[in-house]
Amino acid sequence: MAIFTVKNMLTAGDFIRTTREYSSAQSLSRAGKNRHKDVLAIGRLRFVYALPDSVAQLHGIKSWDGFQVISGVEVPEGLRPLSRISKQIGVGESVMMGWALLNRMDVYWIGGHFAARQEDAQLIADKEKKRKAAFTIPHEKRKKRRSI
């Protein structure tokens, strides 16, 4: 399976609610700009580094066994949420998750959201469209009758 779980990141809102370190999203954003706190942006979503225990407790994960777990440092650049990718390439999120289960692309679960690289999804979508086009029979044009 090519679905990787990031076990030490929470969304900014969840981080504020659970840790009470910062009073608002604005103060957390300011801390990220001033380099007091590491904030990772994927699309419009903001993620903050947290303890794996707090991530597991918030999402109801009893054990990390059975997951392909990576840390937030290993997350590649250029990720976008699957919801945005699906709108741009015209393929549903469930189809892209199927591609990930078949090891065609990598998908990352970060703080309750799925993200992937848009370039990888676009390549697979283009290949699928070409494959489907090869199986379709082109529509025959009608011959015009000439009246004498």
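The paragraphs below set out a description of the structure included in this document. Please read all numbers here as calculations on a predicted model, not as lab measurements.

Reading the values: the criteria
- Residues numbered from 1 in each chain as written.
- Predicted model: local features only at pLDDT ≥ 70, side-chain atom pairs only at ≥ 80, totals over all residues.
- Heavy atoms only, no water.
- 1 Å grid on protein atoms, 1.4 Å probe; cavity = no way out; pocket = protein on both sides within 12 Å on 5 of 7 lines; lining within 4 Å.
- Points joined across faces, edges and corners; volume = space filled by probe spheres on them.
- Helix = DSSP H or I, 4+ residues; strand = E, 2+ residues; numbered from the N terminus.
- Nonpolar A, V, L, I, M, F, W, Y, C, P; charged D, E, K, R; others polar.
- Salt bridge = Lys/Arg side-chain N within 4 Å of Asp/Glu carboxyl O.
- Buried < 20%, exposed > 50% of the residue type's maximum accessible area, 1.4 Å probe, protein only.

## Here's the deal with the layout of surface pockets
Phase 1: One number sums up the size of the largest pocket: a volume of about 150 Å³.
Phase 2: Lining the largest pocket, in full, are Leu40, Ala41, Ile42, Tyr49, Gly72, Val75, Pro76, Glu77, Gly78 and Leu79.
Phase 3: No other element matches the 3 residues that strand β3 (residues 39-42) contributes to the lining of the largest pocket.
Phase 4: Residues that form the lining of the largest pocket fall into these classes: 7 nonpolar, 2 polar and 1 charged.

## Comments concerning the pattern of salt bridges
Phase 1: On inspection of all chains with the given rule, the structure shows 5 salt bridges.
Phase 2: For the salt bridge of Glu119 with Arg117, the shortest nitrogen-to-oxygen distance reads 3.3 Å.
Phase 3: The partly exposed category is assigned to Glu119, whose relative accessible area is 46%.
Phase 4: One connected set of salt bridges, linked through shared partners, spans Arg104, Glu128 and Arg131.

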